[in-house]
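Residue strings, one per chain:
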Amino acid sequence: MKSFLLSLLLCSWSLLACADPAIQVENAWVREAPPGAQMMAAYMTLKNTGSSDVTLENITSPTFRMVMLHKSVIVDGVARMSHQDSLPIPAGTSVALEPGSYHLMMPAPEQRLHSGDLVEFNLQFADGGTVRVQAIVRKKP
Amino acid sequence: MKIRIIPMLLAAVLLSACSPPQPPQLQQGTLLPDAKIIADFQLTDQNGKPFTRKNLMGKWSFTFFGYTHCPDVCPTSLSMLAQVMKKLEQDKTPGAKPQVVFFSVDPERDTPEVLAQYLPYFNPDFIGVTGDPQQILRLTRQLGILYGKSPGESADDYLVDHSASILLFDPDGNFRALFGTPHDPDRIAQDFVAIRNYYEASR
């Protein structure tokens with residue numbers, strides 16, 4: 001029982017493993033991709049609860065060979081995705097990665113992901129801090 | 001005095017019955033003042049069968065122009081159209097059920113086989129169309145649909161910028177209305193019914 005509790009504690013710690021505790025990640029999810037789709041997108045809200053600005057610089061994931069930070073914009077009716085080198089999150093604010101705006105774009109893995117699967121992302125910040133995030137695969141409009 | 005009012009009222013009622021129906025007030029869509037007749041085009045559906053202007057006739061068509069390598073905007077729009085179809089399911093008016101046609105603006109990568117895998121995920125009745133780039137251009141130019149490649153991480157990973165609007169064709173195969181972003185399934189379904197009723201009343 002004791003070891004179970006300990007492992008539970010360790011597990012929950014690993015889910016929230018924040019070398020950068022000023023960043024809270026909420027509602028992280030990956031859009032389930034239709035069969036044949038080569039690209040996938042992930043979304044989450046990044047909350048900077050600290051008193052200094054932070055900048056998201058790089059994202060990696062054991063599930064995807066590449067993770068890119070993109071932003072969809074619609075200008076004069078034309079949808080366009082642009083690559084973002086980094087994403088600033090000013091102190092005390094939150095930035096939403098959401099459909100039609102900022103998102104992570106990943107090439108779909110060989111093994112198709114299904115609704116309910118969990119995938120991990122490592123967010124690396126300019127100050128050297130990292131945040132590990134678990135995202136759930138969801139079928140969502 | 002009363003005797004005079006009655007014939008005037010009668011005349012007003014008769015006049016309003018004869019006057020043409022007024023275009024509906026739409027929530028999200030823009031109705032074209034005149035339906036746009038488009039020239040024929042030769043494309044291919046997801047089953048490898050020809051898809052031409054004729055395939056846009058005989059029923060209403062919601063159309064969207066995108067590509068399957070698009071992970072954000074296109075799945076959002078296709079899921080939204082699946083919701084619109086669900087909302088219209090209850091409508092038992094003959095000829096009421098529209099079709100949804102996804103035109104690829106990335107024919108190099110979107111083969112009929114890719115579209116056949118991809119589209120049923122959203123709705124088994126969705127039609128995917130691809131083919132000769134020149135024919136896609138021939139169609140899109142008439143509709144004001146814009147698209148173009150933009151470089152990605154590598155030569156194969158290019159992105160495609162594309163118009164995000166949903167276009168509605170009437171059962172004569174003519175371009176009738178346009179829905180800009182952001183798309184809301186309730187409003188689009190309600191606008192569709194209003195446009196259809198107006199079309200029926202105007203015939």
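Report on the accompanying structure.

Thresholds, definitions, all that
Residues numbered from 1 in each chain as written. Chains lettered and ligands numbered in written order. Predicted model: local features only at pLDDT ≥ 70, side-chain atom pairs only at ≥ 80, totals over all residues. Heavy atoms only, no water. Helix = DSSP H or I, 4+ residues; strand = E, 2+ residues; numbered from the N terminus. Buried < 20%, exposed > 50% of the residue type's maximum accessible area, 1.4 Å probe, protein only. Contact = heavy atoms within 4.5 Å.

This part is about the overall build of chain A. Counting its secondary structure elements, chain A contains one helix and ten strands. Along chain A, helices and strands appear, N-terminal first, in the series α-β-β-β-β-β-β-β-β-β-β. A total of 141 residues make up chain A; the buried ones form 39% of that total. A separation of at least 24 residues holds for 68% of the contacts in chain A among residues at least 6 apart in sequence.

Residue and element names in this part refer to chain A. Counting through the fold element by element, Gly129 comes out in the loop between strand S9 (118–125) and strand S10 (130–138). A relative accessible area of 9% means that Gly129 is categorised as buried. Separated by 75 residues in the primary sequence, Gly129 and Val54 place their C-alpha atoms 9.5 Å from one another.

Cis geometry is adopted by the peptide bond preceding Pro182 of chain B, which originates at Thr181 of chain B and carries an omega value of -10°. Take Pro182 of chain B: it is sitting in the loop between strand S10 (175–179) and helix H5 (185–202). Its identity as a non-glycine residue notwithstanding, Asn27 of chain A has a phi of 50°, on the positive side. Of note, Asp76 of chain A is a non-glycine position whose phi angle comes to about 50°, a positive value. When you line up the elements, Asp76 of chain A lands in the loop between strand S4 (68–75) and strand S5 (78–83). Since its relative accessible area comes to 78%, Asp76 of chain A is described here as exposed.

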